[in-house]
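Structure at a glance
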Amino acid sequence: MRDGSNYRQYRDGIGAYKFLADGTKLQDFDVYHVEWDGRKLADLFSGLQDGEILVLASQRRRVASPTKINVKLAFDAFETLIYGEVTGNGLLRSVPDKGTWACVYQKGNPISFQEEVNALGHTSTAVLDAGNGLLFLAESIGISDYRKQEDNFRVGDNDAIYPKVSVLDDVSTWQPGENVVFASTDYDYGQAEEAKVVLCTDCAHNEFRVDAKDRPQYTHYGGLDCAGTVDMRGEVGALTRNIVIQGDVVEDSDDLQDKFGCHIKIFNGYELVCIENAELRYVGQQAVKGRYPIHFHLCTDVSSSPPYIRESVIHHSIARL
């Protein structure tokens, strides 16, 4: 759901909807600047009735000075709604500058309260299960440019919030919390996407569900083309392994000195090389020639001891293979 005027969509503050448990919308989307609209935000919190559901997410910046009376009113009203009293240490008070925050709550149902906060560039997601087949999602989408940060709200069943993915092979061994990758089926290789597997009690052996915050943003083609003669189906692969070999790098940096990952180098005359079921990430050294993730250096005749690399993954590498 992204309704409302452009004026509201591009304001700083907290985006909000109010629903009944059956999905009936009680309030259109609005954005509350915490300083300018603090009293209105406090009224929204204090006016919530038993059974009503509030979905909230920070948009662009949650601009707030704790010394302002309107800001204090809003924070106090929120904590009173959630905790029954003003605690002075609610998470909403400490959202970092330009950070993301998402929250869902049903009045009268204390265990329904969910919230998440993250720094700039990282998405925050909160999901409420109404117990009637409907899920309510609030999401503050984190990207590096806070001016493009936006809210995302959804009301739907399990498939709408936690998408089910069908593949050709048996993926019944993939466990909740493991990471997978969807290969790009576009000309743009940047449309490859990662997702986290979540629990699925109704999945067949070739199906799995992904986390709400990892719903694919691009189309990944899953069919045959040219009357069934060209296989256009995108690959899906598991990234998680029990053995992890990882470099120490600074993410989102363009400085070559921050792109100095680990490097596995095998020289001619080795005794034995066997790498199996390993996960390599942040590997390779972009600023140094010949520093690939795995480098067989001038290895000539290997017939006496054939090396192998099996069932392993390399991702977020810093240098090409």
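The structure reproduced in this document is the subject of the present report. Please read these numbers as outputs of a predicted model, since none were measured by experiment. (Residues numbered from 1 in each chain as written. Predicted model: local features only at pLDDT ≥ 70, side-chain atom pairs only at ≥ 80, totals over all residues. Heavy atoms only, no water.)

Moving on to the environment of Leu137. On the secondary structure map, Leu137 appears in strand E7 (residues 135-141). For Leu137, a relative accessible area of 0% puts it in the buried group. Here the alpha-carbon distance between Leu137 and Leu91, two residues 46 residues apart in the chain, equals 18 Å. Once residues within four sequence positions are removed from consideration, Leu137 is found in contact with Thr125, Ala126, Val127, Asn152, Phe153, Arg154, Ile161, Ala212 and Arg215. (Helix = DSSP H or I, 4+ residues; strand = E, 2+ residues; numbered from the N terminus. Buried < 20%, exposed > 50% of the residue type's maximum accessible area, 1.4 Å probe, protein only. Contact = heavy atoms within 4.5 Å.)

This part is about the pattern of salt bridges. One pass over the structure, following the stated rule, counts 13 salt bridges. Measuring nitrogen to oxygen at the nearest pair gives 3.2 Å for the salt bridge that ties Lys25 to Asp28. Take Lys25: its relative accessible area is 36%, and that puts it in the partly exposed class. Here Asp97 ties to Lys98 by a salt bridge, and the two come within 2.8 Å at their closest N and O atoms. On the basis of relative accessible area, Asp97 is assigned to the exposed category, the value being 58%. (Salt bridge = Lys/Arg side-chain N within 4 Å of Asp/Glu carboxyl O.)

The next point concerns the packing of aromatic side chains. As enumerated under the stated definition, the model contains 12 aromatic pairs in all. Ring geometry for Phe182 and Phe208: centres 6.3 Å apart, planes at 20 degrees, overall stacked. Of this pair, Phe182 sits in strand E10 (residues 179-182) while Phe208 is found in strand E12 (residues 207-210), placing the two residues 26 residues apart along the sequence. Of the two residues examined, Phe182 and Phe208, each falls in the buried class. Members of the aromatic cluster, connected to one another through ring pairs, are Phe45, Phe78, Tyr83, Trp101, Tyr105 and Phe113. (Phe/Tyr/Trp six-rings, centres within 6.5 Å; stacked < 30°, edge-to-face > 60°.)

None of this, on its own, says anything about what the molecule does.
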